[in-house]
Amino acid sequence: MIPELGHFALIVALLLALVQGVLPLVGAHRGNATLMAVARPAAHGQFVFVALAFAALAYSFLTNDFSVENVARNSYSRLPEVYRFTATWGSHEGSLLLWTLILAFWTVAVTVFSRHLPQDMAARVIGVMGLVSVGFLAFMLFTSNPFLRLLPPVPEGNDMNPLLQDPGMVIHPPMLYMGYVGFSVAFAFAIAALLSGKLDAAWARWSRPWTTVAWLFLTLGIALGSWWAYYELGWGGWWFWDPTENASFMPWLAGTALIHSLAVTEKRGAFKSWTVLLAITTFSLSLLGTFLVRSGVLSSVHAFATDPGRGVFILAFLAIVIGGSLLLYAWRAPHLMTGGGFTWFSREALLLANNVLLMAAMATVLLGTLYPLFMDALGLGKISVGPPYFNAVFIPLIAPVLFLTAVGPLTRWKGDSLPSLALRLKWAFAVALAVAALLPLTLDGMKPWASLGLFLALWILFGVAMGFVERLKHAQGGWAARLAGLPRAFWGMQIAHTGLAVVVIGATVVSNYEAQRDVRMAAGDHVDLAGYRFLFMGAEPREGPNYSAMRGTMEVWRGERKVAVVHPEKRKYHASGMVMTEAGIDYGVFRDVYVSLGEPLDETTWVVQVYYKPFVGWLWGGAALLALGGALAASDRRYRIALRREMRTAGVAEGARA
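Note that the structure is a prediction, hence the values are computed from the model and not measured. Residue positions are given per chain, counting from 1 as you read along its sequence in written order. Local features in this predicted model are restricted to residues of pLDDT 70 or higher, and side-chain atom pairs are both shown and tallied only at a pLDDT of 80 or more, whereas totals for entire chains, interfaces and linings draw on every residue. To obtain the side-chain values, all non-hydrogen atoms of the structure were used and water was disregarded.

What follows covers the overall build of the protein chain. Working definition: helices are DSSP H or I runs of at least four residues, strands are E runs of at least two. Numbering for both runs from the N terminus. Along the backbone of the protein chain there are 20 helices and 10 strands. We take the radius of gyration over the C-alpha atoms and set the globule estimate at 2.2 Å times the residue count to the 0.38 power. Taking 26 Å as the expected radius of gyration for a compact globule of 658 residues, we find that the protein chain reaches 27 Å, a close match to that expectation. C-alpha extents for the protein chain along the principal axes are approximately 80 × 75 × 55 Å. Looking at the protein chain as a whole, 55% of its 658 residues qualify as buried. We get accessible surface area from the Shrake-Rupley algorithm with a probe of 1.4 Å; when it comes to residues, only the shown protein chains can shield them. Split by element, the accessible area of the protein chain, about 27,600 Å² in all, is 67% carbon and sulfur. Under the convention used here, Asp and Glu are negative, Lys and Arg are positive, and both His and the chain ends fall outside the count. Where a charge lies is defined by one atom per residue type, namely NZ (Lys), CZ (Arg), CG (Asp) and CD (Glu). Measuring between centres, the 48 positive side-chain charges of the protein chain sit 16 Å from its 38 negative side-chain charges. For each residue, the accessible area found with a 1.4 Å probe, counting protein chains only, is set against the maximum for its type, and the residue is called buried under 20%, exposed over 50%, and partly exposed in between.

All right, on to helix H7 (residues 119-143) then. Taking 1.5 Å per residue, 25 residues should reach 36 Å; H7 reaches 36 Å between its end C-alpha atoms and fits that length. Counting buried residues in H7 gives 20 out of 25 residues, a clear majority hidden from the surface. Expected helix span is computed as 1.5 Å times (number of residues minus one).

Bringing the sheet that holds strand E1 (residues 515-522) into the picture now. Think of a sheet as strands paired side by side through backbone hydrogen bonds, with each pair either parallel or antiparallel. Any two strands between which DSSP finds at least two bridges are classified as paired. Taking strand neighbours across the sheet as the criterion, the four strands line up as E1-E10-E9-E8 in an open arrangement whose pairing is antiparallel. Pairing within the sheet leaves two strands with one partner each, and these edge strands are E1 and strand E8 (584-586). Across the sheet, the axes of successive neighbouring strands diverge by a mean angle of 20 degrees, strand direction being ignored. Where E1 lies against strand E10 (residues 605-614), eight bridges are found, and the strand directions are antiparallel. If you follow Ala515 over to E10, its bridge partner there is Tyr612. Along the sheet, helix H9 (residues 201-232) contacts E8, strand E9 (591-600) and E10; its crossing angle with E9, the most-contacted strand, is approximately 50 degrees. Contacting E1 and E10, helix H18 (residues 488-513) runs over the sheet at an angle of about 140 degrees to E10. Each axis is a line fitted through C-alpha atoms, and for a helix only the stretch in contact is used; angles between axes span 0 to 180 degrees, taken between their N-to-C directions. We call two residues in contact whenever any of their non-hydrogen atoms come within 4.5 Å of each other.

Residue placement: Arg268 occurs in helix H10 (residues 243-268). For Arg268, a relative accessible area of 17% translates into the label buried. One polar contact links Arg268 to Glu348, side chain to side chain, over a distance of 2.6 Å. In protein, a polar contact means a hydrogen-donor-capable atom and an acceptor-capable atom, both N or O and within 3.5 Å, with residues adjacent in sequence counting only if both atoms are side-chain atoms; elsewhere, any N or O pair within 3.5 Å suffices.

Let us look at a nonpolar patch on the surface. Residues enter patches when their relative accessible area tops 30% and they take part in no salt bridge; the joining distance is 9 Å for like charges and 5 Å for the nonpolar side chains Val, Leu, Ile, Met, Phe, Trp and Tyr. What counts as a salt bridge is simple: a side-chain nitrogen of Lys or Arg found within 4 Å of a carboxyl oxygen of Asp or Glu. On the surface, Ile11, Leu15, Leu18, Val19, Val22, Leu23 and Leu131 cluster together into a nonpolar patch covering about 510 Å² of accessible area. Here the nonpolar patch gets six residues from one element, more than from any other, and that element is helix H1 (residues 2-30). Residue classification places Leu131 among the partly exposed residues on the basis of a relative accessible area of 39%.

Moving on, we come to the packing of helix H15 (residues 418-438) against helix H16 (residues 448-472). Any two packed helices are characterised by the angle at which their axes cross and by the distance between the axes. Running from amino to carboxyl end, H15 crosses H16 at an angle of 145 degrees, the nearest separation of the two axes being 8 Å. Between H15 and H16 lies a crossing of right-handed hand. Of H16, the residues touching H15 (which contributes Arg424, Leu425, Ala428, Phe429, Val431, Ala432, Leu433, Val435, Ala436 and Ala437) are Ser451, Leu454, Phe455, Leu458, Trp459, Phe462, Met466 and Glu470. Throughout, the ten residues Ala, Val, Leu, Ile, Met, Phe, Trp, Tyr, Cys and Pro are labelled nonpolar, Asp, Glu, Lys and Arg are labelled charged, and all others, Gly among them, are labelled polar. Of the residues contributing to the contact of H15 with H16, the split by class is 15 nonpolar, one polar and two charged. Should the near helix be turned counterclockwise from the far one by less than a right angle, the crossing is left-handed, whereas a clockwise turn marks it as right-handed.

Our focus in this paragraph is the packing of aromatic side chains. Stacked, edge-to-face and tilted are the three classes for Phe, Tyr and Trp ring pairs, Trp counted by its six-membered ring, which pair at centre distances within 6.5 Å; planes under 30 degrees apart are stacked, over 60 edge-to-face, the rest tilted. Counted according to the given criterion, the structure contains 38 aromatic pairs. For the pair Phe136 and Phe317, a centre-to-centre distance of 5.5 Å together with 85 degrees between the ring planes defines the contact as edge-to-face. Within this pair, whereas Phe136 is found in helix H7, its partner Phe317 is found in helix H12 (residues 308-332), the two being separated by 181 residues in sequence. Comparing Phe136 with Phe317, the two get one shared label, buried. Look at Tyr230 and Trp620: their rings are 5.0 Å apart centre to centre, the planes differ by 45 degrees, and that puts the pair in the tilted class. Taken together, the residues Tyr230 in helix H9 and Trp620 in helix H19 (residues 617-634) connect sequence positions 390 residues apart. Each residue in the set Trp215, Trp239, Trp241, Phe249, Trp252, Tyr389, Phe390 and Phe394 is aromatic and connected to the rest through ring pairs, giving one cluster. Across the ring face of Trp331, the terminal group of Arg332 is positioned such that the distance to the ring centre comes to 4.5 Å. Only when the NZ atom of a Lys or the CZ atom of an Arg is both within 6 Å of the ring centre and within 35 degrees of the ring normal do we say a charge sits over the ring. For Arg558, the ring lying beneath its charged end belongs to Tyr532, and the centroid distance is 4.5 Å.

Honestly, that's just the spatial picture; any functional story needs more than this.
This is how it looks when you write it as structure tokens:
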């Protein structure tokens, strides 16, 4: 009965999404307040029924209901309970249900925090999100029903993909989807503004915090995915330019450009057309990522769908959403007012240059991701586009972005003097250049790419420091009082830029100075690497809840001091028979040591991989700073004051009507 209840809940949710998507838009077009008022209750009802469907599927997994095909294919009776719950979204069908639940959650959040908006604008925003929900609910019900029954039921399940049986995968997909789906709010605001013809600073102010929150969730999702790949896949990599990684990285790049473009539109009333186009592009890339991963066209550990019919449905949905949005944009954009003017050297001009470079970098990732698919579809053979291509085309485009990241916040709006700014920055430039040239000598020798990366990171950090100095020199009171008086938006920008510099340092150092050895080891053997001695103590059998393992013990010594003991494992899962590697890692602020068991050569001898990873943890620490900066910026005082003021105004108006 529970699966049937879940299926029924999805049908009701689809009907409510149709009501939410159609009636408010018609009401906004005709000025009918009654139809516009339907938006909020319909959105709330849709969320309740989608949540009910999700709960029904989770219950089926937790109770090992193998009469449900989805459960039988993706769970196992001996699977730990936490992974039985996460298996709810470990399959194609379950991940789409999670996506739809998060979309319904974002919609409810918009209904709660949009009461201060004009009624027609709120109705259009909620209506557009309802139409997006219609697409995903229809996709589930017609091609990817998570509640299909197996008759007769099987006695045991096939088990969850062992790669996903990890704590990181408990929170990585929800975080990633919160970012993906969150950009639907920016998209809905953009489409609502195009429909109404009201593209002004108020529209940008309404949309900007939603966009920033979505961006910070996507940042965390990508960082968690990178960290999971680092410790779970067993070969110590943190970014592979895998198409599935690119599917989330492309909307992140576009979303970063959108955040900065919204800042100009809110502050100066400029870039209106560009900002709307970026909002459409960012959400379109989120949908494209769904198509790439969920249609089965990619060969990746994340792509579980193999039915091309699903891909056709998503492709049609993509064509409707993207094509319809661009047609509306082409119709409305020529009539938009351009906003305030600015000179060639101004904050607006530098932000525009930054955005163009970000979108060019995104286009290179898009080309490298889609080109092999087009070649294969045209019967021209299978090719692989890997790190050499992406590093060759992406880095030259992103390096100027990093350089401008330090300069942009120090430049005045409307216009500035290049010689004056150069004079202010000359010592920062010289010190960053000198330190970047000398610092590699303390690591493992001079490397041009390492010096370039370190220079750009130090340049950003000096820019952040100068931003604080210039902001505080005219403030009153002591340093603590001055710092406390700075707005959250400023703190958010500076912390995010600091996080970006930290990521660049981590990526630069680990890419240029990591070390690795593959060796044959028996108990008592040792190998030296990067000043560390790795002493292998042997491996012994261990039983897990749904797997058998050989657990190695490796002591890590630095001179005469034992600094760590790590335990790499080789696991074989009972249901699937898959063999997986679990790395043993000693984490540190300035380095990780990483050990992975390869294949056994005999009863006592193993192939062992040992790695030295300098500064690799800075990648994820920097990502955390990026997300923290986004959270501070989204909670800036001006948004909170405007929200309270407008909500009070709305309350007074409702009281007057009563």
